Amino acid sequence: MNLAFWRKKDGQPKKKKSAVREWLDAALFAVIAATLIRTFIFEAYTIPTPSMEKTLLVNDFLFVSKVSYGPRIPMTPLAVPFTHHTLPLTKYTKAYSEAVSWKYRRMPGFGDIKRNDVVVFNFPEGDTVALEHQDESYYELVRRMGRDEVWRQFQVTSRPVDKRENYIKRCVGIAGDSLAVKDGIVIVNGRPETPPPASQRFYHVTTSENQTLNPMRLEEMGVDNTPEMKVAGRMSYNLTPSEAKEIGAFPIVSNNIQPFLDNTEDGVWPQDTAHFKFTIDNFGPIYIPQKGATVSLDSSNIELYRRIIAVYENNTLETKGGQFIINGKATNIYTFKMNYYWMMGDNRHKSLDSRYWGFVPEDHVVGKAWLIWMSYGKGGIRWSRLFRTIR
């Protein structure tokens, strides 16, 4: 029997891989496999802020499904594995290169975004960032300080869509919907929402004879026992609907509890007070753009769609003599190229969401929040939250 098949052509046997080479091969395979899983199947995220409480808590660790809406093909493929936009142990060094840039594509998924889905997406206003204030919108900084001052004080950079900060909110309106907020209640296509059971908002609580609520009882309920004084002489607590009902039954309260309405206009999108008197709790109605739909443009509504036309859908937009010029052509209509969504936090009075920066384009959508795999707080691991699906 000829056994020469296992020898090299020069007659010498193949050398066995060294232990170092075997470890390198295994590590390379692990990196490639993990990157493919992270890109196309699911990815781990951490909740950094209380904007979704008490549905999601700070330091909840999540798996986000990429296959629910279809995995998004990387738009900036040249990047350091397992990083987002900045290299670890650095403040400003980019973890990606824009030498190669791919247009938006999405593979088929199990379905489309539905109302009330909890969605992870790239921050729409994150295309420009003041690196010393990454937790704040660059555009809000410019409105408050002026562009020249922002550029003088901070280091400013731009980021591609898939390298912008990741946000997580609840989708309360999908493409084609008409949406409004009336006295804090979201109304979609004329129908008031049923607030998520664990959502929070401020409630005014009035007690008899200026008594205070029992802090130990509030702590047992999981309520912050330090009220936020929204109006002098009245206590305001951030409560879920069930907590508000329970506190309203306290003898010293006797149903003297009512939702607090925030009529703040400062910073509320679209920042055009000449045409829109929107507030946090009274907003709209607005139309959420749908791919292929056409809207008429005029001076009263252009601010609703300006960023869509000029930034998200990459057109040139000018105004000359009261006439809109899009890509060099005079027009008073526009047809949308993508679907858009309206995202809001469940912690309604402590959430920077679409009420402050508008629509979320479909190319910014990362995936659907699926499962809490780890959670910890002041007392350690929150065992009751582990392996809980997200609704």
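Residues numbered from 1 in each chain as written. Predicted model: local features only at pLDDT ≥ 70, side-chain atom pairs only at ≥ 80, totals over all residues. Heavy atoms only, no water.

Draft legend 1. Structural detail: the overall build of the chain. Looking only at helices and strands, one finds seven helices and 24 strands in the chain. On the principal axes, the C-alpha backbone points of the chain span a range of 100 × 65 × 45 Å. Buried positions account for 43% of the 391 residues belonging to the chain. The contacts in the chain between residues at least 6 apart in sequence include a share of 68% that link residues at least 24 apart. Surface exposure of the chain reaches about 21,600 Å², of which carbon and sulfur atoms provide 56%. Mean positive and mean negative side-chain charge positions of the chain (51 and 42 charges, respectively) differ by 9 Å. (Helix = DSSP H or I, 4+ residues; strand = E, 2+ residues; numbered from the N terminus. Buried < 20%, exposed > 50% of the residue type's maximum accessible area, 1.4 Å probe, protein only. Contact = heavy atoms within 4.5 Å. Areas by Shrake-Rupley, 256 points an atom, 1.4 Å probe, with all protein chains shown as cover. Lys, Arg positive; Asp, Glu negative; His and termini not counted. Charge placed at Lys NZ, Arg CZ, Asp CG, Glu CD.)

Draft legend 2. Layout of the pairing of strand β6 (residues 166–173). Among the eight residues of β6, seven are classified as buried, and the element is accordingly described as predominantly covered. Across five bridges, the pairing between strand β3 (residues 118–122) and β6 is antiparallel. Pairing of V120 across the sheet is with I168, part of β6. (Pairing = 2+ DSSP bridges.)

Draft legend 3. Molecular detail of a nonpolar patch on the surface. On the surface, L28, I32 and L36 cluster together into a nonpolar patch covering about 290 Å² of accessible area. Of note, I32 is situated in helix α1 (residues 19–40). Using a relative accessible area of 45% as the deciding quantity, one classes I32 as partly exposed. (Patch = residues over 30% accessible without salt bridge, like charges linked within 9 Å, V, L, I, M, F, W, Y side chains within 5 Å. Salt bridge = Lys/Arg side-chain N within 4 Å of Asp/Glu carboxyl O.)

Draft legend 4. Local environment of the environment of D346. As for its position among the elements, D346 is in the loop between β20 (340–344) and α7 (354–357). With 267 residues separating them along the chain, D346 and A79 place their C-alpha atoms 33 Å apart. With residues up to four places along the chain from it excluded, the contact list for D346 reads S51, M52, E53, T55, R170, P196, S199 and Q200.

Draft legend 5. Spotlight on the nonpolar core. By size, the foremost hydrophobic cluster in this structure holds 32 residues, and its most contacted members are I286, L297 and W342. Put simply, the parts of the chain that give this core at least two residues each are β7 (178–182), β8 (185–188), β14 (283–287), α6 (302–312), β17 (323–326) and β20. L218, M221, V223 and Y237 belong to the second-largest nonpolar core, a separate cluster that totals 14 residues. (Core = buried A, V, L, I, M, F, W, Y, C linked by side-chain atoms within 4.5 Å.)

Draft legend 6. A look at the environment of F202. When you line up the elements, F202 lands in strand β10 (residues 201–205). By relative accessible area, F202 is classed as buried at 1%. Taking the C-alpha atoms as reference, F202 lies 8.7 Å from Q258; in sequence the two are 56 residues apart.

Draft legend 7. Quick peek at unusual backbone geometry. The amide bond that connects W269 to the next residue, P270, takes the cis arrangement and shows omega of 5 degrees. For the peptide bond that leads from G284 to P285, omega is 10 degrees, which places it in the cis range. By secondary structure assignment, the location of P285 is in strand β14. Residue N59 is not a glycine yet carries a positive backbone phi of 75 degrees. Along the chain, the position of N59 falls in the loop between β1 (42–46) and β2 (60–65). For S254, which is not a glycine, the phi torsion comes out positive at approximately 50 degrees. For S254, the location among the structural elements is in the loop between α5 (241–248) and β13 (257–259).

Draft legend 8. Looking closely at the pairing of β7. By the bridge criterion, three bridges tie β7 to β14 in an arrangement that is antiparallel. Across the sheet, L179 pairs through a bridge with I286, a residue of β14.

Draft legend 9. Local environment of the sheet that holds β17. Ordered by their spatial adjacency, three strands build an open sheet running β16-β17-β18, and the pairing between neighbours is antiparallel. Single-partner strands in this sheet number two, and they are β16 (317–320) and β18 (329–331). Taken over all neighbouring pairs, the strand axes of this sheet differ in orientation by 35 degrees on average, direction set aside. Sheet strands touched by α6: β16 and β17. Its angle to β16, the strand with the most contacts, is close to 135 degrees. (Axes fitted to C-alpha atoms, helices over the stretch in contact; angles between N-to-C directions.)

Draft legend 10. Quick peek at the sheet that holds β7. Spatially, the four strands line up as an open sheet ordered β9-β8-β7-β14, and their pairing is antiparallel. Looking at which strands have only one partner, the edges of the open sheet turn out to be β9 (191–192) and β14.

Draft legend 11. How the structure looks around the pattern of salt bridges. Under the definition given, this model contains 19 salt bridges. Here R355 and D353 are joined by a salt bridge, their closest N and O atoms 2.9 Å apart. Here R355 falls in the buried class, since its relative accessible area comes to 1%. A relative accessible area of 0% means that D353 is categorised as buried. Here the salt bridges share partners, and the residues they tie into one network are R38, E43 and K66.

Draft legend 12. View of the packing of aromatic side chains. Summed over the entire model, instances satisfying the criterion amount to 23 aromatic pairs. With centroids separated by 5.2 Å and ring planes inclined at 50 degrees, the aromatic side chains of F276 and F278 adopt a geometry described as tilted. Each member of the pair, F276 together with F278, is buried. Ring pairing ties together the aromatic residues W269, F276, F278, F283, Y305, Y312, Y334, F336, Y340, W342 and F359, which thus form one cluster. (Phe/Tyr/Trp six-rings, centres within 6.5 Å; stacked < 30°, edge-to-face > 60°.)

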